[in-house]
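Take a look at the letters that make up each chain.
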Amino acid sequence: MQISLSEEEQSSIVELLSELAGRFKSTEDPAFLAQAPVFAHELPRRVRLTLNEFRLYEPTSAVCRIAGYPIRDEEIGPTPSHWKNRQKHCVPLKEEMLLVLLSSLLGDPIAWATQQDGAVVHDIAPIKAHENEQLGSGSAEELTWHTEDAFHPFRGDYIVMMCLRNADRVPTTFAPIDASGLPPECVSLLFEPHYTIRPDESHLLKNRVDPVNGQVPVEAAHGRIEEMDSRPEKIALFMGSPESPYCRIDPYFMDPPELPAAREALDTLIRHIDSLLEDMVLEAGEFCFIDNFKAVHGRRPFKARFDGTDRWLQRAFVVEDLGASDGERDGRVITTVFGE
Ligand SMILES: [Fe+2]
């Protein structure tokens with residue numbers, strides 16, 4: 001699914017955002033986040049219809065792209081050298097607001113106490129110290145494909161990314177999960193709990209800077225993440241319907257399963273996804289909505305300059321059922337987990 005905003009749609013969005021930017025100073029403002037689904041009613045009808053269709057019918061393509069939001073490169077400021085700088089400047093506010101409004105058409109944006117210090121909107125830009133890491137902020141190494149937060153029971157149903165700058169045309173990688181090409185015995189094994197997925201690096205204590213919200217019990221959340229890292233539970237990778245299963249997978253953070261047949265099924269799935277992986281170059285002003293239960297994504301390696309002109313995306317995670325994490329959230333921020 002893909003649309004490009006018309007001039008009329010662009011102007012109506014710009015007008016809405018100007019009004020909201022006069023009322024709220026940050027997308028992290030709980031009042032803005034609470035009211036965003038209502039403001040989203042004022043987005044152009046075609047945009048709302050497109051995302052409604054994407055949410056309702058879960059197309060096998062598992063991605064929706066909306067291009068054409070006008071970004072003035074000189075107005076959004078330099079690509080940040082670290083996501084921790086965002087909290088102080090909150091630039092570009094209007095673009096961030098649009099990211100949250102569009103996300104609200106699919107569900108409710110959430111945040112993690114253990115990631116980017118509890119922010120709902122994340123900056124994805126290369127950080128010099130992470131150059132060779134398996135992180136969104138890495139650059140020189142391929143970010144291997146994965147479903148986002150695959151280890152976590154409250155992972156987002158959707159990942160929403162907005163491209164603010166990508167002059168080098170660095171590709172995001174993407175593949176829908178299509179089980180129809182897999183042998184039935186392989187699919188059966190993937191529905192069984194033979195597998196473990198450890199937390200990815202972005203949640204580990206070493207990548208923490210300072211908690212944004214001092215009230216968030218960050219220590220406890222990190223404690224639970226460390227536990228998930230050292231003693232991961234055995235889980236199934238497939239769930240839902242055998243014809244069109246939902247999937248969670250992050251091979252970089254998985255150990256080979258004990259059962260040889262389960263190992264073979266995992267290898268078959270990995271090869272299958274490898275064969276479907278495609279490059280997807282996001283352009284400035286483009287939004288990309290990925291079904292995190294039906295697709296994997298990653299990023300090709302690139303040579304970052306770290307001079308304020310590198311690729312810059314912003315990202316939000318959206319859940320369809322905020323109530324599922326009741327009691328394990330502080331506002332929008334997921335704090336602790338006690339198993340599925
Ligand atoms: Fe990711």
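Treat the numbers as computed from the prediction; the structure is a model and nothing was measured.

Conventions and cut-offs
Within each chain, residues carry numbers counting from 1 in the order of the written sequence. Per-residue local features of the predicted model are confined to residues with pLDDT of at least 70, and side-chain atom pairs are confined, for both listing and counting, to 80 or more; whole-chain, interface and lining totals are unaffected and use all residues. Heavy atoms throughout the structure, all of them, feed into the side-chain values; hydrogens and water do not. In this description a helix means any DSSP run of H or I spanning at least four residues, a strand means any run of E spanning at least two, and both kinds are numbered starting from the N terminus. Put simply, the radius of gyration uses C-alpha atoms, and a globule should come to 2.2 Å times the residue count raised to 0.38. Whether a residue is buried, partly exposed or exposed follows from its accessible area with a 1.4 Å probe, protein chains only, as a fraction of its type maximum: under 20%, in between, or over 50%, in that order. Between two residues, a contact is recorded if the distance between any of their heavy atoms is within 4.5 Å. Computed with a 1.4 Å probe, the accessible areas rest on the Shrake-Rupley method; for each residue, only the protein chains presented here act as cover. None of His or the chain ends enter the tally, which takes Lys and Arg as positive and Asp and Glu as negative. Working definition for charges: the position is that of NZ of Lys, CZ of Arg, CG of Asp or CD of Glu. For Na, K and Ca the donor cut-off is 3.2 Å; for every other metal, N, O and S atoms count as donors within 2.8 Å. Water does not enter the count, which can leave sites looking incomplete. We define the nonpolar core as a collection of buried residues of types Ala, Val, Leu, Ile, Met, Phe, Trp, Tyr and Cys that are connected through side-chain atoms lying within 4.5 Å of one another. Two strands qualify as a pair provided that DSSP identifies no fewer than 2 bridges between them. All axes here are fitted lines through C-alpha atoms, helices being fitted over the stretch that makes contact, and every angle between N-to-C directions spans 0 to 180 degrees. The term disulfide is used for any two cysteine sulfur atoms that are within 2.5 Å. Expected helix span is given by 1.5 Å per residue-to-residue step, counting one fewer step than there are residues. For this quantity, the arc is that covered by the directions from the helix axis to the C-beta atoms.

Things to note about the overall build of the protein chain
Here is step 1: If you tally the helices and strands in the protein chain, you get eight helices and 15 strands.
Here is step 2: In terms of overall size, the protein chain behaves like a compact globule, its C-alpha atoms giving a radius of gyration of 19 Å where 340 residues would be expected to give roughly 20 Å.
Here is step 3: By principal-axis analysis of the C-alpha atoms, the protein chain measures approximately 60 × 40 × 40 Å.
Here is step 4: Sorting the 340 residues of the protein chain into buried and exposed places 57% on the buried side.
Here is step 5: Relative to all contacts within the protein chain whose residues are 6 or more apart in sequence, the contacts with residues 24 or more apart total 83%.
Here is step 6: Carbon and sulfur atoms make up 50% of the accessible area of the protein chain, which totals about 14,500 Å².
Here is step 7: Separation of charge centres in the protein chain, based on 34 positive and 57 negative side chains, amounts to 3 Å.

Focus on the coordination of the iron ion
Six octahedral donors around a metal ideally sit at 90 or 180 degrees from one another, while four tetrahedral donors ideally sit at 109.5 degrees.
Here is step 1: In the first shell of the iron ion, the protein supplies His-146 (NE2), Glu-148 (OE) and His-297 (NE2), at 2.0 to 2.2 Å from the metal.
Here is step 2: Mapped onto the sequence, the residues coordinating the iron ion show the spacing H-x1-E-x148-H. In this pair, His-146 is assigned in strand E5 (residues 143–146) and His-297 in strand E12 (residues 295–299), connecting sequence segments 151 residues apart. As far as burial versus exposure is concerned, His-146 and His-297 are alike and both buried.

Looking at the nonpolar core
Here is step 1: Membership of the largest hydrophobic core comes to 45 residues, with the highest contact counts inside it found for Leu-101 and Phe-289.
Here is step 2: Listing elements by their share of this core, those giving two or more residues are helix H1 (7–23), helix H2 (30–39), helix H3 (45–57), strand E2 (63–67), helix H5 (93–104), strand E6 (158–165), strand E11 (286–291) and strand E13 (312–319).
Here is step 3: Top element by residues in this core is H5. It accounts for seven residues.
Here is step 4: Dropping the residues within four chain positions of it, Leu-101 is found in contact with Leu-16, Leu-17, Leu-20, Phe-32, Ala-36, Phe-39, Ala-40 and Leu-43.
Here is step 5: Counting 28 residues, the second-largest nonpolar core is a separate cluster that includes Ala-179, Ile-197, Ala-265 and Ile-273.

Quick word on the sheet that holds strand E7 (residues 171–176)
Here is step 1: Within the open sheet, the four strands sit side by side as E5-E12-E7-E10. Their pairing is antiparallel. For this open sheet the edge positions go to E5 and strand E10 (278–281), each flanked by a neighbour on one side alone. Averaged over all pairs of adjacent strands, the angle between their axes in this sheet comes to 25 degrees, without regard to strand direction.
Here is step 2: Of the strand pairs in this sheet, E7 and E10 are connected by four bridges, and their pairing is antiparallel. Bridging across to E10, Thr-172 finds its partner in Met-280.
Here is step 3: Of the strands in this sheet, E5, E7, E10 and E12 touch helix H8 (residues 260–276), which is tilted by about 125 degrees from E7.

Regarding the state of the cysteines
Here is step 1: The full count for this structure, using the stated rule, is zero disulfides.
Here is step 2: Of all cysteine sulfurs, the one in Cys-247 lies closest to Cys-186, which takes part in no disulfide; the gap is 11 Å.
Here is step 3: Judged by its relative accessible area of 0%, Cys-247 falls in the buried class.

Thoughts on H1
Here is step 1: An ideal rise of 1.5 Å per residue puts 24 Å on 17 residues; H1 measures up with 25 Å between its terminal C-alpha atoms.
Here is step 2: Inspection of H1 places Glu-9, Ile-13, Leu-16, Leu-17 and Leu-20 among the buried residues, and these make up the whole buried set. The buried side chains of H1 occupy one side of the element, clustering within an arc of 100 degrees when seen end-on. Turned more than 90 degrees from where H1 packs its buried face, Glu-7, Glu-8, Glu-15 and Gly-22 sit exposed.

Examining the pairing of strand E3 (residues 108–112)
Here is step 1: Of all five residues in E3, four are buried; the element is thus mostly enclosed.
Here is step 2: In this structure, E3 lies alongside E13, joined through three bridges in antiparallel fashion. The residue of E13 that forms the bridge with Asp-108 is Val-319.

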